[in-house]
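Analysis of the macromolecular model
Listed below, chain by chain, are the residues.
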Amino acid sequence: MSERLQPGDTAPAFTLPDADGNPVSLADHAGRKVIVYFYPAALTPGCTKQACDFTDNLELLAGAGYDVIGVSPDKPEKLARFREKESLRVTLVGDPEKKVLEAYGAFGEKKLYGRTVTGVIRSTVIVDEEGKVERALYNVKATGHVAKLIRDLAL
């Protein structure tokens, strides 16, 4: 089980390929707040709802100084299909080796339909302008999560 992050922790640095295969680093966003959200799989109902909710609220979030990066274990080709099919505008990156998912505490044992399985734990980590964890939310719901986040951040 990977260690969960706590407010004040330094957010683990990462560089992962986006849907076009271009590298995206957390360091690219220094000086801005970043919402890094972790989801199990592109092109699945819950993950689609969550990605669409982030896309629908991107202008509000960007206007408040937040960038959004979605991380899943998917390869760039699948992320590109997901982006095209759903007209997504959030940055999606792939972590097939699950190293970043593990570093952020977003991979491990979870309950799925009453069974314990190992997989991606739907999580959201908010990183401040200095690269520190502001909030770390684990086992979030796909539906309604973005609206709750906006309320909690008072945007």
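A brief report on the enclosed structure follows.

A closer look at the pattern of salt bridges
Charged atoms that come close allow side chains of opposite charge to pair. A full pass over the atoms with the stated rule returns eight salt bridges. Taking the shortest distance from any N to any O, the salt bridge between Lys-148 and Asp-152 comes out at 2.8 Å. Note that Lys-148 and Asp-152 are positioned in helix H5 (residues 145-152) at a spacing of four residues, about one turn of the helix. Its relative accessible area of 42% is what places Lys-148 among the partly exposed residues. The structure contains a network of salt bridges with shared partners spanning Asp-20, Arg-83 and Glu-84.

Some words on the sheet that holds strand E4 (residues 66-72)
Strands sit in the order E5-E4-E3-E8-E9 across an open sheet of five strands; the sheet is mixed. Strands with a single pairing partner mark the edges of an open sheet, and in this sheet they are strand E5 (91-94) and strand E9 (133-138). Looking at each pair of strands side by side, their axes are set apart by 20° on average, direction ignored. Where strand E8 (residues 123-127) lies against E9, five bridges are found, and the strand directions are antiparallel. Each residue of the ladder has a partner; that of Ser-123, found in E9, is Tyr-138.

With respect to helix H3 (residues 76-86)
All of the buried residues along H3 are Pro-76, Leu-79, Ala-80 and Phe-82. The arc that holds the buried residues of H3, viewed along the axis, is 160°, so those residues lie on one side. Set apart from the buried face of H3 by more than 90 degrees, the exposed residues are Glu-77, Glu-84 and Lys-85. Looking at the packing, one finds that the buried side of H3 touches strand E1 (15-17), helix H1 (45-56), E4 and E5. In the segment just after H3, Ser-87 is the residue with positive phi, at about 55°.

Scoring rules and cut-offs
Residues numbered from 1 in each chain as written. Predicted model: local features only at pLDDT ≥ 70, side-chain atom pairs only at ≥ 80, totals over all residues. Heavy atoms only, no water. Salt bridge = Lys/Arg side-chain N within 4 Å of Asp/Glu carboxyl O. Helix = DSSP H or I, 4+ residues; strand = E, 2+ residues; numbered from the N terminus. Buried < 20%, exposed > 50% of the residue type's maximum accessible area, 1.4 Å probe, protein only. Pairing = 2+ DSSP bridges. Axes fitted to C-alpha atoms, helices over the stretch in contact; angles between N-to-C directions. Arc of directions from axis to C-beta. Contact = heavy atoms within 4.5 Å.

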